[in-house]
Amino acid sequence: MKPSEMITVFEDRTCYVNLTPEQTKELQSFERIWGSQNFIVRSDHRVLLKKYVGFVASKNLQIQILPKIFRDGESREIEAEKEHSIQLLFRLLTYSNYLKVKEIPTPKMVSKYQNDILEIFIAIFIKEFLNQFKVNVHRQYEPIEENTQFIKGKIIFQKSLLRNRDLNYLHYVIYEEFTGDTLLNQIFKTTIERLLRITKIAENKKRLKTGLLYLQHVQTIKLNQTIFDKIRFNRLNHQYLPLFNLSKLFYYNEQAGMSNGDEYTFTFLVPLNELFEYTVYKALKGLEEYSVLYHKPQKYLDKKNKAFMLKPDITIFKDGKVETIIDVKYKNPIHGIDVNVSQADIYQMLSYSLAYNCKNIILVYPMFRINNGYINPLGKYEIETENGIVKITIIHVNICRDNLDGILNDLMEYLKI
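Fair warning: this is a prediction, and the values are worked out from it, not measured in the lab.

Trainee: How should the environment of lysine 25 be read in this particular structure?
Mentor: Looking at the secondary structure, you find lysine 25 in helix H1 (residues 21-28). In this structure, the C-alpha to C-alpha distance between lysine 25 and leucine 61, residues 36 residues apart in sequence, is 9.6 Å.

As structure tokens, this is what we get:
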């Protein structure tokens, strides 16, 4: 597959992209992933992709979808926005534990790999591979079945009788051999060979070829779900788990509609809002003396008819009582100079308050770069109900910091704890 230039768009922003007819056709084939309500490709080359961030690399098309951190219409330098957005994406992937390799690319690394997240993923993968295999090439005992004149291991009498009825000098045997041609190494070699076909960066190509030298006597295989499911980790091979997860990332993306193991398709797409939700959850998870739940507990607003299921993003308990409910949304709450929260969001928060008997609700948004002059809380509402006053607080958190403590600090003042 000949590598094509990476096209960049931003999630939930209409972008102009100059696509060939072949690229347009391939992009439209991915509509089943996004869903028609989140996927618009117009005849004037304007594209709007919502919900997911990541990349799609197919035979004729490479496109990456980055999270917005600049406001639409804000004056900005596009390459600088790409750099900031890529760093933000890797922070969210790392903080949320979605990416098991704890490496956030530096601005220098982002620039080195041409603001291309596929190339950055390839660089992280091959760096992890070389670090592991320079120290210890993976080998293990593998069962081998063979029809041979020499007896070694155990004779499988049933197969010997069936295959060697008139060949008394042959024996069908099974034995174990200490080898590097393991299933895990076969996955790594297949991944490396396919990445070589798609990378455009000279350093990535050089390192991938070096990686193949460690696997000269390993065969390649066709990757599929069954192959990945066969791998089991223990104390002898656990150090290869991050590398295995990166291989899965390229070929076994679990989002609905993905092309698993397609030789010409690499897909890595994650829902941006869920990534942001889980990052905020991870920041709060370590609160002492409190129980912090993600997407739990779930309740029906109409219990009798089991209708209108509620699933709060984050719920904070103490002594069995709901203290605070947090709802997380990756969108810009500031329009022009005003903070505008939709009525639908407020009604949703009141539903949580009613169902969980909670009087403290917080709506959390990301801090867009142009909004860093807005001081928390962005808004505060007190709504009288039959059960008392419900307080709804609107805040934004700076997710471009280097650790989760900053997000926790932004939240602590408004938690009822």
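Trainee: Looking at this model, I keep getting lost on the pattern of salt bridges. Mind explaining?
Mentor: Oppositely charged side chains are able to pair whenever their charged atoms sit close together. One pass over the full model with this rule turns up 12 salt bridges. Here arginine 46 and aspartate 44 are joined by a salt bridge, their closest N and O atoms 3.6 Å apart. We classify arginine 46 as partly exposed; its relative accessible area is 35%. Exposure remark for aspartate 44: the relative accessible area of 31% places this residue in the partly exposed category. Linking lysine 329 and aspartate 327 is a salt bridge whose minimum nitrogen-to-oxygen distance equals 3.0 Å. The two residues lysine 329 and aspartate 327 agree in class, both being buried. A cluster of three or more residues bridged by salt bridges with shared partners is formed by Asp327, Lys329, Lys331 and Asp345.

Trainee: Please clarify how the sheet that holds strand S19 (residues 379-385) should be interpreted in this entry.
Mentor: Across a sheet, strands are paired by hydrogen bonds formed along the backbone, either parallel or antiparallel in direction. Pairing in this open sheet of 6 strands is mixed, and the strands run S11-S14-S15-S18-S20-S19 from one edge to the other. Among the strands making up the open sheet, the edge pair consists of strand S11 (291-294) and S19. Strand after strand, the sheet turns through a mean of 20 degrees between neighbouring axes, direction not considered. For S19 and strand S20 (residues 388-397), the ladder comprises 7 bridges, and the chain directions are antiparallel. In the strand pairing of S20, lysine 380 is matched with threonine 393.

Trainee: How should I be thinking about a nonpolar patch on the surface in this particular structure?
Mentor: On the surface, Leu301, Phe308 and Leu354 cluster together into a nonpolar patch covering about 340 Å² of accessible area. Within the secondary structure layout, leucine 301 lies in strand S12 (residues 299-302).

Trainee: What exactly am I supposed to notice about unusual backbone geometry here?
Mentor: Negative phi is the rule for most residues except glycine; trans is the rule for most peptide bonds. Here the bond from lysine 296 into proline 297 is cis, since omega is -15 degrees, no more than 30 degrees from zero. Note on placement: proline 297 falls in the loop between S11 and S12. For the bond running from asparagine 376 to proline 377, omega is -5 degrees, close enough to zero to count as cis. Located in the positive-phi region is histidine 295, a residue other than glycine, with phi close to 60 degrees.

Trainee: What am I meant to see in the nonpolar core here?
Mentor: Across soluble globular proteins, nonpolar side chains have a tendency to be buried as a group. Ranked by size, the top nonpolar core spans 86 residues in total, and within it Phe121, Phe129, Phe250, Leu284, Ile326 and Val364 carry the most contacts. Ranked by residues supplied to this core, first place goes to helix H5 (residues 117-135) with 12 residues. Discounting residues that sit within four places of it in the chain, valine 364 has contacts with Phe276, Ile326, Asp327, Val328, Lys329, Ile395, Val397 and Leu411. The next biggest cluster of nonpolar side chains, apart from the first, holds 19 residues, and it includes Phe317, Ile346, Ala355 and Val390.

Trainee: For this particular structure, what's the right way to read the pairing of S12?
Mentor: Strand residues, when the strand is regular, have side chains that alternate between the two faces of the sheet. Note that S12 and strand S13 (residues 307-310) share 3 bridges and pair antiparallel. Residue pairing across strands places lysine 299 opposite leucine 310, the latter belonging to S13. Linkage of S12 to S13, two consecutive antiparallel strands, is achieved through a turn of 4 residues, within which lysine 306 is found at a positive phi near 50 degrees.

Trainee: In this structure, what is going on with the packing of aromatic side chains? I would like to understand it.
Mentor: The relation between two aromatic rings is expressed through the spacing of the ring centres and the mutual angle of the planes. For the structure shown, the criterion picks out 20 aromatic pairs. Taken together, a centroid distance of 5.0 Å and an interplanar angle of 40 degrees make the contact between phenylalanine 90 and phenylalanine 121 tilted. Residue phenylalanine 90 is found in helix H3 (residues 78-95), and its partner phenylalanine 121 is found in helix H5; the two are separated by 31 residues along the sequence. The same class applies to phenylalanine 90 and to phenylalanine 121, which are both buried. Between phenylalanine 133 and tyrosine 214 the ring centres are 6.4 Å apart and the planes differ by 65 degrees, which places this aromatic pair in the edge-to-face class. With a gap of 81 residues between them, phenylalanine 133 in helix H5 and tyrosine 214 in the loop between helix H8 (202-213) and helix H9 (225-230) connect regions that are remote in the sequence. Within the aromatic cluster, the residues linked to one another by ring pairs are Phe129, Phe133, Phe188, Tyr214 and Tyr240.

Trainee: Can you help me understand the side chain of asparagine 185 in this one?
Mentor: Within the fold, asparagine 185 resides in helix H7 (residues 183-198). Only 2.8 Å separates the side chain of asparagine 185 from the backbone oxygen of histidine 138, close enough to count as a polar contact. Setting aside its immediate chain neighbours within four residues, asparagine 185 contacts Phe133, His138, Gly180, Leu215 and Val218.

Cut-offs and rules
- Residues numbered from 1 in each chain as written.
- Predicted model: local features only at pLDDT ≥ 70, side-chain atom pairs only at ≥ 80, totals over all residues.
- Heavy atoms only, no water.
- Helix = DSSP H or I, 4+ residues; strand = E, 2+ residues; numbered from the N terminus.
- Salt bridge = Lys/Arg side-chain N within 4 Å of Asp/Glu carboxyl O.
- Buried < 20%, exposed > 50% of the residue type's maximum accessible area, 1.4 Å probe, protein only.
- Pairing = 2+ DSSP bridges.
- Axes fitted to C-alpha atoms, helices over the stretch in contact; angles between N-to-C directions.
- Patch = residues over 30% accessible without salt bridge, like charges linked within 9 Å, V, L, I, M, F, W, Y side chains within 5 Å.
- Areas by Shrake-Rupley, 256 points an atom, 1.4 Å probe, with all protein chains shown as cover.
- Core = buried A, V, L, I, M, F, W, Y, C linked by side-chain atoms within 4.5 Å.
- Contact = heavy atoms within 4.5 Å.
- Phe/Tyr/Trp six-rings, centres within 6.5 Å; stacked < 30°, edge-to-face > 60°.
- Polar contact = N/O pair within 3.5 Å; in protein donor to acceptor, adjacent residues only side chain to side chain.

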